[in-house]
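Each chain is listed here by its residues.
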Amino acid sequence: MRKIGITTTVPVEVILASGAIPVDLNNLFVSDPDPALLIAAAEKAGFPLNTCAWIKGIYGVILKHGLEEVIGVTGGDCSNTLMLMEVLHNRGIKTIPFAYPGEPYQGQMKAEIELLAVKLGTTLDSAESVRHDLLPARALTSELDRLTWQDNRITGQENHYWLVSSSDFDQDINRFSRELSDVITKALKRDAYPADELRLGFVGVPPIYAAEFYPFIERCGGRVVFNEIQRQFSMPLKVKNLSEQYCKYTYPYDTAGRVSDIKCAIKERRLDGVIHYVQSFCHRGIGDIIIRSELAVPVLTIEGNADFKLSQHLKTRLEAFLDVLRFRRQS
C-alpha cells in the first residue's frame, strides 16, 4: 500500500481516509538497529553537525526505506523541517506541507485539514468517519495511561512506547489495537508498583535515549506516570470533530497551553517532580524558562542530541534529583 511519511503528528485520519498508511519517521528512526548510521548518512549528504539529530535521522530513514511521499509540518513544529522538505524535494521526493494555525482556532484548523484532504485526494467527511473508527484504539491508549498513574500497573517505558506509537498506530491499526489490548489484559493481572515510589512527570519531546531512560529511573526508585507529549500524541480528550481534536492537541501551540496541561497532571497524578527533556539545537529549549517558572514542583532539565545511551554524568544528575525529591517528601 501507499505509505506517507510524517515528520511529527498530523491528522492521520486524513491519510488513512486517502487509503494510505501513515509512517511516523521519528519512530522509524529511533527504533532502527543503527540510528547513528542514519545520522551519519545525513551528515555525509551535507547536513551541518549542529543540526538536530532528529532532522538528520528523519532524512536518513526516508532514504533507507525509499519513501516517496512525506508530509512535513511547516507550522507548529520544527523550523528546520522547512529546509528538510526543500532538500527532499530536490532529491525527487514528493513533499506535502501541513501547518497548524498560530493559535488553536477551530475555523482555521478545519481549513488546514480540508486542504490536506484535497492534497491527498480525499474529503473531510471521510476523515471524520475514520476518526470514529479510531475511537476504540484511542480508548485503549487512554486506558493504558490510566493504568500507569491510577492503578500503578504500567511502567513508564510501556506508557512511553504505546502512546508515542499512537502517532501512526505503528503502521497497522488492527495489529496495534490487538497487541495493546493484550498488554492491558496482562497488566491487570500484575501486582501494583510500590506505593512509596517517587512519581515523576516527563515533559518535552520524547527523549532520544528512551530505551535506557525509563528503566534507569525505575532502578532508582521512581516511575514516570505522566509522559506529556506522548499522551498528547494519543489524542486523549473527547471531542466532537477533527478540528476540535487538533485544537486541543497542545504540542503545536504556545507553551502556556502545555503548562496548563502539565499543572493538571501534577495535581491529578500526584507528581513529586518533573523532568524536562530538551533536544540540542531546538528552539523549544527556550520554553524551559517558562516551564521552570510556572511549575510548583521541582524541575530537572536534561538535554540530548545524538546520544542514544545515558551518559554517566546524566545518570548522576538523575540520581541526585531523585534523592532531592525523596528528601523533600520525607521532610
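Notes on the structure in this doc start here. Given the structure is predicted, the values throughout are model-derived calculations rather than measurements.

**Some points on the overall build of the protein**
Moving on, step 1. For the protein, the count of helices and strands is 15 helices and eight strands.
Moving on, step 2. Taking 2.2 N^0.38 as the reference for a compact globule, 331 residues should give roughly 20 Å; the C-alpha atoms of the protein span a radius of gyration of 19 Å, in line with that estimate.
Moving on, step 3. The principal-axis extents of the C-alpha atoms in the protein amount to approximately 60 × 45 × 35 Å.
Moving on, step 4. Across the 331 residues of the protein, 55% fall into the buried class.

**Side note on unusual backbone geometry**
Moving on, step 1. In this structure, asparagine 152 takes a positive phi of about 60° despite not being glycine.
Moving on, step 2. Secondary-structure assignment places asparagine 152 in the loop between helix 7 (124-149) and helix 8 (156-165).
Moving on, step 3. Backbone geometry at aspartate 170 places phi at a positive 55°, although glycine is not the residue there.
Moving on, step 4. Of note, aspartate 170 is situated in the loop between helix 8 and helix 9 (173-187).
Moving on, step 5. In this structure aspartate 170 comes out as partly exposed when scored by relative accessible area, which is 25%.

**Re the pattern of salt bridges**
Moving on, step 1. For the structure on display, the rule yields 22 salt bridges.
Moving on, step 2. With a closest N to O distance of 3.0 Å, glutamate 143 and arginine 146 form a salt bridge. With a gap of three residues between them, glutamate 143 and arginine 146 both fall in helix 7, about one helical turn apart.
Moving on, step 3. Using a relative accessible area of 25% as the deciding quantity, one classes glutamate 143 as partly exposed.
Moving on, step 4. Here arginine 146 makes a salt bridge to aspartate 151, at a shortest N to O gap of 3.1 Å.
Moving on, step 5. Overall, the relative accessible area of 25% leaves arginine 146 in the partly exposed class.
Moving on, step 6. Residue classification places aspartate 151 among the partly exposed positions, given a relative accessible area of 22%.
Moving on, step 7. Beyond isolated ion pairs, a larger network of salt bridges with shared partners links Asp145, Arg231, Asp261 and Arg269.

**Section: the packing of helix 3 (residues 35-45) against helix 4 (residues 53-65)**
Moving on, step 1. Packing of helix 3 against helix 4 brings their axes to within 7 Å, and their N-to-C directions diverge by 95°. Judged by the angle between their axes, helix 3 and helix 4 are roughly perpendicular. In this structure, helix 3 uses Leu38, Ile39, Ala42, Glu43 and Ala45 to contact helix 4, whose residues at the interface are Ala53, Lys56, Gly57, Tyr59, Gly60, Val61 and Lys64.
Moving on, step 2. A class-by-class count of the residues in the contact of helix 3 with helix 4 yields seven nonpolar, two polar and three charged.

**What about the environment of glutamate 244?**
Moving on, step 1. On the secondary structure map, glutamate 244 appears in helix 12 (residues 242-247).
Moving on, step 2. For the pair glutamate 244 and alanine 296, spaced 52 residues apart in sequence, the C-alpha separation works out to 29 Å.
Moving on, step 3. Not counting residues within four places of it along the chain, the set of residues in contact with glutamate 244 comprises Gln106 and Val239.

**Re the sheet that holds strand 1 (residues 3-6)**
Moving on, step 1. The sheet built from four strands is open, its strands ordered 2-1-3-4 with parallel pairing. Each of the sheet's edge strands pairs with one partner strand only, and the pair in question is strand 2 (21-24) and strand 4 (94-99). Ignoring which end each strand starts from, the neighbouring axes of this sheet average 30° apart.
Moving on, step 2. Both strand 3 (residues 69-75) and strand 4 contribute to a ladder of six bridges, which runs parallel. Looking across to strand 4, one finds that valine 73 is bridged to phenylalanine 98.
Moving on, step 3. Packing of helix 6 (residues 106-120) onto the sheet brings it into contact with strand 1, strand 3 and strand 4, and relative to strand 4 it is tilted by some 165°.

**Focus on the pairing of strand 1**
Moving on, step 1. Both strand 1 and strand 2 contribute to a ladder of four bridges, which runs parallel. Residue glycine 5 lies in a different strand from strand 2, and its bridge partner there is valine 23.
Moving on, step 2. Handedness of the crossover joining strand 1 and strand 2 through helix 1 (residues 12-17) is recorded here as right-handed.
Moving on, step 3. Of the strand pairs in this sheet, strand 1 and strand 3 are connected by two bridges, and their pairing is parallel. For glycine 5, the partnering residue across the bridge sits in strand 3 and is valine 70.

Procedures and definitions
Residues numbered from 1 in each chain as written. Predicted model: local features only at pLDDT ≥ 70, side-chain atom pairs only at ≥ 80, totals over all residues. Heavy atoms only, no water. Helix = DSSP H or I, 4+ residues; strand = E, 2+ residues; numbered from the N terminus. Rg over C-alpha atoms; globule rule 2.2 N^0.38 Å. Buried < 20%, exposed > 50% of the residue type's maximum accessible area, 1.4 Å probe, protein only. Salt bridge = Lys/Arg side-chain N within 4 Å of Asp/Glu carboxyl O. Axes fitted to C-alpha atoms, helices over the stretch in contact; angles between N-to-C directions. Parallel < 35°, antiparallel > 145°, perpendicular 65-115°, else oblique. Contact = heavy atoms within 4.5 Å. Nonpolar A, V, L, I, M, F, W, Y, C, P; charged D, E, K, R; others polar. Pairing = 2+ DSSP bridges. Right-handed = clockwise from strand over helix to strand, strands pointing away.

Read these as layout, nothing more, since geometry by itself doesn't imply function.
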